[in-house]
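Observations on the model geometry
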Amino acid sequence: MAVEFPPALIMLVGALLIAVSPGKLYKGMSLVFPALTLVAIWLFPETIQVKPASLWFGYDLVLAKLNGPTRPFAIIFALMALAGALFAWNQDRRVELAAAMLYAGSAIGVTFAGDLITLFVFWELMAVGSTIVVWSAGGEAARKAGQRYVNVHLVGGAILMAGLALHVQQTGSIALPTMTMGLDLTDPVRMSVQGQAWTLPLLESPAAWLILLGILINAGTPPFGSWLPDAYPEASPSGTVFLSAFTTKTSVYVLIVLFAGCELLIWAGCLMAIYGIVYAILENDMRRILAYSIVNQVGFMVCAVGIGTGLAINGATAHAFAHIIYKALLLMSAGSVLYMTGKRKCTDLGGLYKAMPITMWCGIIGALAISSMPLTSGFTTKSMITDAASIPENWAMVREVGGQTVWATLFHPSLAWFVLVAASAGVFLHAGIKFPWFVFFQKAAPENDARKLDPPGNMKLAMLVFAALCIALGVFPKPLYDILPFQVGGGPLYEAYSYAHVINQLQLLLFAGLAFFLLLGLLKRTLTITLDFDWLYRRFAPVAWTWIFRPLLRAAEPFHEGILGIPAIAARKWGHDESKVDYQPWGVGTTVLVLTIVLASFLAIHFYK
Amino acid sequence: MSLADPQSIKRLWRGFYLLLALLILLDPKLLELVHVLEHDPHHAANFVVDGLPEFYALYGFVTCIAMVVGSKLILGKILMRADTYYDYDPLAPTRDSKGRPLRGKPDASKPERKEAH
C-alpha cells in the first residue's frame, strides 16, 4: 500500500480531533495518531510528488515528497510525538497535547514540503503550535514567556517570508534544490535546481541573507536564540519535552536542504557550541541548563551543514536523530524530578539517587549519550561531524594569493575541528556530569531514604524506551545509517568503533570529568540567572523608551507643535484630548488602518509606475 | 556501600584515578611510539598536534578548565544576576502618591520567593 497524501495531515487532523473529542478519549488518540503517521512516513513512496489539483496562484505547489534527509527527520519527529504523548499521558492537559500534535505534525510537514511556500506555511503553523504548548503550562511566567516566544517567532517568520518573497521574485521559482553526493562521501555535496547551480549558500543576495537569518532565529543561534532558554523552561514538564525536539531540528533540516555548504554556518555552529556550554555552566535551573545544551548540540549540526560534505550532512542528520532521543530523555528525567518534587533549581535539588533510581539511571544514560560516550547513540552519530571537520582540504575554500594557495575561509578551517572537540569535552562537563550530579547526587541522601519518588508508570515507560534507544543506536547504528541521505555501496557507511577512536574519546571525556570534580568548588550552584540577549528586549528596550526616547520625543514637542502642528492636527483628527498631549498606545484598530493605507498607497504607486 | 560514607567516596576517587592512569597508558599514539600498535592510517594526524601522544587527554582537561574558569570568573562576573532579576519591573513606581517609598514593602501582587536551603 502506498500513502499518497502528506503524512503530516494525519497529525494535523489528529490535533483537531484531540481538541474536540469527548472525555478521556484524547489520551488514546494522542498515541494512535503519531503511530499512524510513523506508518504513513514509512509507506510514502520514493518517487511521487503530492500536488494539489490545480496551480495555486500560478505556483506549482508540491505538498509532499521525499527530499534527501526527509525520512530520518520525519521518523524521529513522529517517534518523538509518540513518546512525548506517552510521557504526558497522566498529566491531563488536553490543550497541550492538541498543540503538541499540531506542532509535531507541522514539523513533519516541513520535512515533506516540496516547495518553498508549503515549507513556509508549515513553518509558521509550527510557531502557533509551540506557542500554545508554552502557554498551556498555565501561570503568569508561562504566559509572559510564551508572549515573548511568539513575538520572536513572528518576527523570524516575517524575515523568512521577506527573504522567500525576494528569492521567488528574483528567480521566478519556488522549487527546492536537489542534493547529490560528490564523488565520495567526504566530498562536498552538489546542489542544483532545474539544472542550474543553487546559489543560496553563497549568500550573494539579500534574499539569501534574510532566509538564513529567519532560519537561524529558529535554530537558536546567538544573538537571536535567547528565546529558547527563556521559553522552554517555563513550559510544563511534558511541554518542555515536546518543545526540545521540533523547532531547532526543523531548522537544521531546512538548513541542510537550502544552505548545505554555506561557510558562515561553520562559524555560527562553532559559536553555538561554545556559547551553549558557557551559559550551561553558569545556570542554576536544571531545565535552563538542558535548554542551553540544546543550543550547544544544535551548534554541532549547524557546523556540519556549513561543512557540507556528504559525511557532514549524514552526520548532521544522524546527530539530529540521536539528539532528539537523548535530549527528550534528559528532559523527561528533569521533568519527572520537577513533577514529583516541584523543584527545578540545582540549589534546591540533590540527594535523590535513592528516592528515584529509575529516573536517575535514565538521566545518566541520556547524559552519557549527549556526551557521546562509546556504546551510546551520541558516539555513533556526533563522531561523523568531528571526522568531517578533520579534513578541511575537502571542504574549505582556497584562493590564490601571489602564486600561493591560501584558505579563503573567514577563520583558519582547522579552528572548526578544535572547537568541536573542545565542545565535545565541554558537553560532558555541563550536561554529562553536571546535570546528574547536581540533580541526583551533590549531597548525601537522607539516612534510610524510604521516599518513593519515581514517577507514574507511563512516564517511566517513556523514559525506559528512549534510554533503550540511546543504547541500541550506540551499539547497533546500522538501521539509522541505512536511512541517512547519502549511501555508498560496499561496507558499512561509517565505522565509529576503532581502538584509537574509542580510547581518544574516553580520554577526552574522563579528563573533562576530572576537571569538573577538581573545580567543583568553583562550580558551586548560586541562586542566579545569567543575562542573555533577551535582556535587550526584556529590560533595555522598555527602560530606554521610558527614560530616553519618550523624554526626547516630549522635549521635541514644542518644535512639532509650533512648526508643524502635526500632533494637534492628529489629535483633532482622531479625537484625542488636546489639553493632555501624551504618546498613548494606538490600539490595534488604528494600526491596522494606517497599515492598510500605507499598503494601499504602495499598490496604487505600483499600478501607475 | 553507601555514597554518604567518606570511605567509599575515597574508594571511588581511587578507582577514577586508576582508570585515568590506564587511559594514559593505552593512548594509541603512545603505543605507536613504543611500537606496540601499528600506525593506523585512519587516525593519522590532521593538525600536527592531534598526532602527539596524550593529546586528547590534555586537550579535554585544559579546555574544560579554561571553559569553567572563563565562564565563571569572567563572563559570570559580568552577566550573573539574582534569579529574581526579571521578577521586578524597573519601571514600576517606587513611591506612592504621597511620596512615601514603596521599596521594602512586600508586594502583594507577587508571590513570596521561596528561600532555598
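Conventions used here
- Residues numbered from 1 in each chain as written.
- Chains lettered and ligands numbered in written order.
- Predicted model: local features only at pLDDT ≥ 70, side-chain atom pairs only at ≥ 80, totals over all residues.
- Helix = DSSP H or I, 4+ residues; strand = E, 2+ residues; numbered from the N terminus.
- Buried ≥ 20, exposed ≤ 12 C-beta atoms within 10 Å, placed from the backbone.
- Rg over C-alpha atoms; globule rule 2.2 N^0.38 Å.
- Contact = placed C-beta atoms within 7 Å.
- Core = buried A, V, L, I, M, F, W, Y, C linked by C-beta atoms within 7 Å.
- Domains from an automatic or database assignment.
- Axes fitted to C-alpha atoms, helices over the stretch in contact; angles between N-to-C directions.
- Parallel < 35°, antiparallel > 145°, perpendicular 65-115°, else oblique.
- Left-handed = near helix turned anticlockwise from the far one by under 90°.
- Nonpolar A, V, L, I, M, F, W, Y, C, P; charged D, E, K, R; others polar.
- Pairing = 2+ DSSP bridges.
- Bend = angle between axes of the 7 residues up to and from the residue.

Quick look at the overall build of chain B now. Scanning chain B from terminus to terminus reveals three helices and one strand. Moving toward the C terminus, one meets the helices and strands of chain B in the order α-α-α-β. When the 117 residues of chain B are sorted by exposure, 15% land in the buried category.

Along chain A, the regular secondary structure elements total 23 helices and six strands. Over its C-alpha atoms chain A spans a radius of gyration of 25 Å, differing by no more than 12% from the 25 Å that the globule rule assigns to 609 residues. The buried share of chain A, taken over its 609 residues, is 55%. Within chain A, contacts between residues at least 6 apart in sequence are counted, and of these 80% link residues at least 24 apart.

Residues and elements named next belong to chain A. Core analysis: the biggest nonpolar cluster contains 226 residues, and F77, C303 and L329 have the highest contact counts within it. Ranked by residue count, the leading element in this core is helix α12 (residues 310–341), at 21 residues. Looking at which domains feed residues into this core, each of domain 1 (1–179 + 189–258) and domain 2 (261–485 + 494–525) gives three or more. With residues up to four places along the chain from it excluded, the contact list for C303 reads L265, I266, G269, C270, A273, I385, A416 and L420.

What follows concerns the domain arrangement of chain A. All names here are of chain A. Along its sequence, chain A is organised into domain 1 (1–179 + 189–258), domain 2 (261–485 + 494–525) and domain 3 (559–609). If you average the C-alpha positions of domain 1 and of domain 2, the two centres end up 23 Å apart. Among the elements of the structure, α3 (70–88), α7 (206–219), α8 (227–231) and α9 (237–259) are those that each provide at least two residues to the side of domain 1 that touches domain 2. Looking at the side of domain 1 that touches domain 2, the element that brings in the most residues is α9, giving eleven residues.

All names here are of chain A. The interhelical angle for the contact between helix α2 (residues 25–43) and α3, taken along N-to-C directions, is 165 degrees, at an axis separation of 8 Å. What the angle tells us is that α2 and α3 run roughly antiparallel. Considering only the axes of α2 and α3, their crossing is left-handed. Seen from α2, the contacting residues are S30, L31, P34, A35, T37, L38 and I41; seen from α3, they are R71, A74, I75, A78, L79, A81, L82, A85 and L86. Classifying every residue of the contact of α2 with α3 gives 13 nonpolar, two polar and one charged.

Tallying the contact residues gives 47 residues for chain A and 37 residues for chain B. Elements represented by at least two residues in the side of chain A that touches chain B include exactly α10 (263–282), α16 (414–440), α19 (499–518), β6 (528–530) and α20 (535–555) of chain A. Alignment of β6 of chain A against strand β1 (residues 80–82) of chain B, held across three bridges, turns out to be antiparallel. Of the residues in β1 of chain B, the one forming a bridge with I529 of chain A is R81 of chain B.

Residues and elements named next belong to chain A. The antiparallel open sheet is built from three strands, whose spatial order is β1-β2-β3. Every other strand in the sheet has two partners, leaving β1 (178–180) and β3 (196–197) as the edge strands with one partner each. Here three bridges tie β1 to strand β2 (residues 190–193), and the two strands are oriented antiparallel to one another. Residue pairing across strands places M179 opposite M191, the latter belonging to β2.

Further remarks concern the environment of V189 of chain A. Residues and elements named next belong to chain A. Inspection of the secondary structure assignment puts V189 in the loop between β1 and β2. On the basis of neighbour count, V189 is assigned to the buried category, with 23 C-beta atoms found within 10 Å. Taking the C-alpha atoms as reference points, V189 and E4, 185 residues apart in sequence, are found 29 Å from one another.

Looking now at the pairing of β2 of chain A. All names here are of chain A. In this sheet, β3 lies alongside β2 in antiparallel orientation, the contact comprising two bridges. In the strand pairing of β3, S192 is matched with A197. In textbook terms, the turn of a hairpin is the stretch between consecutive antiparallel strands, and for β2 and β3 this stretch comprises two residues, one of which, Q194, has a positive phi near 50 degrees.

Helix geometry: α20 of chain A is bent most strongly at W545 of chain A, by close to 45 degrees. Little of α20 of chain A sits inside the fold, with zero of its 21 residues counted as buried.

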